[in-house]
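# Reading the structure
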Amino acid sequence: MSVKKGLIVLGVFMMLVTGCGEEKKASDVRVKPTDDAQRDKKVEYCDDVLVSEDEKIIYNIYAQKLGVYDEKKNSWQSIHKNENEFAYKTIGENDMFTVGNSNYNYFAVMQREKDGLHKKMEIPRKDSAMPLGEYEGEYYFLYNVDDLSEKLERKIVKWNQEDNQFVDILKLEDKLVASGVIVKDKIYYAEYQTKLDSYQLYEYNIKKKSNKIVREDLPTDYLYNLDESLIWNDGKGNIYSFRGQLYSLGKQESEVDYNSEYGLFFQTYADKSKVLVCDVWDAKSGEKKKTVEQFIGYDIEDDELKLYCNYGVEKIGLK
């Protein structure tokens, strides 16, 4: 999620998760609520969602929403009760999410399991959080304190599952940070520099509890973990590492999702006929593996990639 496209108007940032290039509609922008009573009637926390054997919880990459895909009917139905409710996923993973309303928050930590989607924790109503990833069995989040007010305070936290509480790890104060990724024992995150229109890349060492700048001129904050090394997307579909450009994904105007376990990019975009297309790329070689139309989302099970579309499910063996 880019800060330039993800920052919230009126002092709060807009949540875009993995996309690049595509400008968001006005409904994505947070607006400070003026009537608490009205908000409480319209908005509530996300609930558990259980599925049958023929159903799967699938994340719609382009819409940034979770839903239930019925494999018998080849249909996908959003679980969200409100138009401005979105799901924010861990970059590179497909099971840990936060779900909240882009206008009123009400964020919750949600985890996808075989029998459905389960709420693990409700975040205080005025706060919000986005998952960063997992290290040694513990989940880390980018946390925003009271971001419905004009106050701007961010920090990186760790989820203590035994106490079901967040533990502060690193204070970011008012830094313009909207996403990050865990690589080995390090958290990489990028701070947007408004005057320079570029990003400073930080490396936080979880073991040593040390923080440092490792690059000054990053064009975006689309960061990924490839084989325990950091790579990034320049916002135009070009993939880079610290060694330089690796390859290009081709399309500039697109939303990009990523799976770190199998090293796959999922690049979604609308074609000339406004049909939603997904190109699946091998992140190691830069080779395009598959193109499907009417794309919704994906799942990986038993080394098999399943691409969920409006007409059915395309399957690709990964080993």
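Above this note sits the structure.
As the structure is a prediction and not an experimental result, all values here were calculated from the model.

Looking now at the packing of aromatic side chains. Pairs of aromatic rings are described using the distance from one ring centre to the other and the angle between the two planes. Per the stated rule, a full pass over the model turns up 14 aromatic pairs. With a centroid separation of 5.1 Å and 50° between ring planes, the pair formed by Tyr192 and Tyr199 is classed as tilted. Relative accessible area serves as the criterion here: at 12%, Tyr192 is assigned to the buried category. For Tyr199, a relative accessible area of 0% puts it in the buried group. By way of ring pairs, the aromatic residues Phe141, Tyr143 and Phe166 are connected into one cluster. We note Lys65 situated over the ring of Phe86; from NZ or CZ to the ring centre the distance is 4.4 Å.

Now for the pairing of strand S3 (residues 55-60). As a general feature of sheets, a regular strand has side chains that alternate between the two faces. The element S3 is largely enclosed, with a buried count of five among its six residues. Of the pairings in the sheet, the one linking S3 to strand S4 (residues 65-70) comprises six bridges and is antiparallel in character. Each residue of the ladder has a partner; that of Glu55, found in S4, is Asp70. The loop that links S3 with its antiparallel partner S4 comprises four residues; one of these, Gln64, has a positive phi angle of about 60°.

Membership of the largest hydrophobic core comes to 32 residues, with the highest contact counts inside it found for Leu66, Phe266, Phe295, Tyr298, Leu305 and Leu307. Among residues more than four places away in sequence, those in contact with Leu305 are Leu264, Phe266, Val280, Tyr298, Asp299, Ile300, Glu314, Lys315, Ile316 and Leu318. Counting residues in hydrophobic clusters, the runner-up holds 16 residues, among them Phe107, Ile123, Tyr139 and Trp159.

Cut-offs and rules
- Residues numbered from 1 in each chain as written.
- Predicted model: local features only at pLDDT ≥ 70, side-chain atom pairs only at ≥ 80, totals over all residues.
- Heavy atoms only, no water.
- Phe/Tyr/Trp six-rings, centres within 6.5 Å; stacked < 30°, edge-to-face > 60°.
- Buried < 20%, exposed > 50% of the residue type's maximum accessible area, 1.4 Å probe, protein only.
- Lys NZ or Arg CZ within 6 Å of the ring centre and 35° of its normal.
- Helix = DSSP H or I, 4+ residues; strand = E, 2+ residues; numbered from the N terminus.
- Pairing = 2+ DSSP bridges.
- Core = buried A, V, L, I, M, F, W, Y, C linked by side-chain atoms within 4.5 Å.
- Contact = heavy atoms within 4.5 Å.

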